[in-house]
2 protein chains.
Amino acid sequence: MESEPTRVMVAVNESTLKGYPHASISSKKAFEWTLKKIVRSNTSGFKLLLLHVQVQDEDGFDDMDSIYASPDDFRQMRERNKAKGLHLLEFFVKKCHDIGVGCEAWIRKGDPTEVICHEVRRVRPDFLVVGSRGLGPFQKVFVGTVSEFCVKHAECPVITIKRTAEESPQDPADD
Amino acid sequence: MESEPTRVMVAVNESTLKGYPHASISSKKAFEWTLKKIVRSNTSGFKLLLLHVQVQDEDGFDDMDSIYASPDDFRQMRERNKAKGLHLLEFFVKKCHDIGVGCEAWIRKGDPTEVICHEVRRVRPDFLVVGSRGLGPFQKVFVGTVSEFCVKHAECPVITIKRTAEESPQDPADD
């Protein structure tokens, strides 16, 4: 008899190249790697916990030209952002559904590093999967890496999945 | 139809407390975690690659009072060390055999960090599992950590499994 499924948290974000609702290359890669190499045919043995963190500043930039004249404008903006996040998660949830692996997906706002570590403490997954752009030390200085922070600070085992060279766009900071 | 099994390299070492043939608390933990949380009932979907690195200096210390008078003495020492390593691996291979998961096990000599990264390049596992004592930053200064080096330098995804507080001996540098 199988015990409770292994609960795997996968952090997913939007593509810097294509924007919402497209997932970043590295988070798509991390998700697909998990299905292929860990879950395999044992779909009842695993449950995926899909966390999407929305970075508030970035959304602000998109809406630079918008005019906020009433509290309603802010409510609408929040709803629009939520809808974008939901569209992103839909891709992952649909894939889980298609292959028959259980999943839960949710959105949080804030700094990805802090939010992911906070959510790990809250939901206690068996391990966390994060994608990584695989940047060199020089590139990291400018863009920071969520994966390294999680490896150090998340209170569960963490596995980092890098994009392959063929999957990386011309500017490696893009994703 | 299932594809080729997922090849999981697990680095295992001897206990600093009990010596050969006992495995360290952290490598036993990493191995058991892999079976419980990743392999689960899907024993045909995975193959474990068990690597034991023997540190030559440490063996030297054990044999401090021995007298080496001929080339044969060195040969005997090497054979004794090899036998110790084989006893250690036997524990892991037996467990794999009992639950029906394929495995390969082998011994290498040298610095664990370098050898593990070298063997990753050579055998190309899908990912690497390493145990960790879970030392604090102050303790790390004195004992170093193989797991952190592998996370940074191994050319495959790496997952680090820490011992729990209950599993840790009085001196956390022991294992």
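Chain A carries the name UspA in an unreviewed UniProt entry, which gives Arabidopsis suecica as its organism.

The subject of this paragraph is the overall build of chain A. Secondary structure assignment for chain A yields six helices and five strands. In sequence order, chain A lays out its α and β elements as β-α-β-α-α-β-α-β-α-α-β. When each of the 175 residues of chain A is scored for burial, the buried share is 43%. With the model as given, the accessible surface of chain A reaches about 9,500 Å², and the carbon-plus-sulfur share is 54%.

Two quantities define a packed helix pair, namely the angle between the axes and the distance from one axis to the other. Residue and element names in this part refer to chain A. Closest axis-to-axis distance for the helix H1 (residues 25-39)/helix H3 (residues 71-99) pair is 12 Å, and the angle between their directions is 15 degrees. Accordingly, the angle class assigned to the pair H1 and H3 is roughly parallel. As H1 runs across H3, the sense of the crossing is right-handed. Contact residues: H1 offers Ser27, Lys28, Phe31, Glu32 and Leu35, while H3 offers Phe91, Phe92, Lys95, Cys96 and Ile99. Here the residues of the contact of H1 with H3 are counted per class, giving six nonpolar, one polar and three charged.

Next up on the list: the pattern of salt bridges. Residue and element names in this part refer to chain A. Applying the stated criterion across every chain, the model contains 22 salt bridges over all chains. Notably, a salt bridge pairs Glu79 with Arg75, separated by 3.0 Å at the nearest N-O pair. Of this pair, Glu79 and Arg75 are both found in helix H3, four residues apart, which corresponds to roughly one turn of the helix. According to the relative accessible area criterion, Glu79 is partly exposed, its value standing at 46%. The exposure class assigned to Arg75 is partly exposed, which follows from its relative accessible area of 35%. With its nearest N and O atoms 3.3 Å apart, the salt bridge here joins Arg124 to Glu155. Residue Arg124 is located in the loop between helix H4 (112-123) and strand E4 (127-132), and its partner Glu155 is located in the loop between helix H6 (146-153) and strand E5 (158-162); the two are separated by 31 residues in the primary sequence. Arg124 gets classed as partly exposed once you look at its relative accessible area, which sits at 47%. Judged by its relative accessible area of 44%, Glu155 is partly exposed. Beyond isolated ion pairs, a larger network of salt bridges with shared partners links Asp72, Arg75 and Glu79.

For the rest of this paragraph, the subject is the interface of chain A and chain B. Each partner contributes residues to the interface: chain A has 23 residues there, and chain B has 23 residues. Here chain A and chain B share an interface that buries about 1,800 Å² over both sides, 48% of which is from carbon and sulfur atoms. With its nearest N and O atoms 2.8 Å apart, the salt bridge here joins Asp126 of chain A to Lys37 of chain B. Here chain A and chain B share 12 residue pairs in polar contact (both at pLDDT 80 or more) between them. Where the side of chain A that touches chain B is concerned, the elements lending two or more residues are H1 and E5 of chain A. Sort the elements by how many residues they give to the side of chain A that touches chain B and H1 of chain A lands first, with five residues. The residue inventory of the side of chain A that touches chain B, partitioned by class, reads 11 nonpolar, six polar and six charged.

What counts, and at which threshold
- Residues numbered from 1 in each chain as written.
- Chains lettered and ligands numbered in written order.
- Predicted model: local features only at pLDDT ≥ 70, side-chain atom pairs only at ≥ 80, totals over all residues.
- Heavy atoms only, no water.
- Helix = DSSP H or I, 4+ residues; strand = E, 2+ residues; numbered from the N terminus.
- Buried < 20%, exposed > 50% of the residue type's maximum accessible area, 1.4 Å probe, protein only.
- Areas by Shrake-Rupley, 256 points an atom, 1.4 Å probe, with all protein chains shown as cover.
- Axes fitted to C-alpha atoms, helices over the stretch in contact; angles between N-to-C directions.
- Parallel < 35°, antiparallel > 145°, perpendicular 65-115°, else oblique.
- Left-handed = near helix turned anticlockwise from the far one by under 90°.
- Contact = heavy atoms within 4.5 Å.
- Nonpolar A, V, L, I, M, F, W, Y, C, P; charged D, E, K, R; others polar.
- Salt bridge = Lys/Arg side-chain N within 4 Å of Asp/Glu carboxyl O.
- Buried area = accessible area lost by both parts, 1.4 Å probe.
- Polar contact = N/O pair within 3.5 Å; in protein donor to acceptor, adjacent residues only side chain to side chain.

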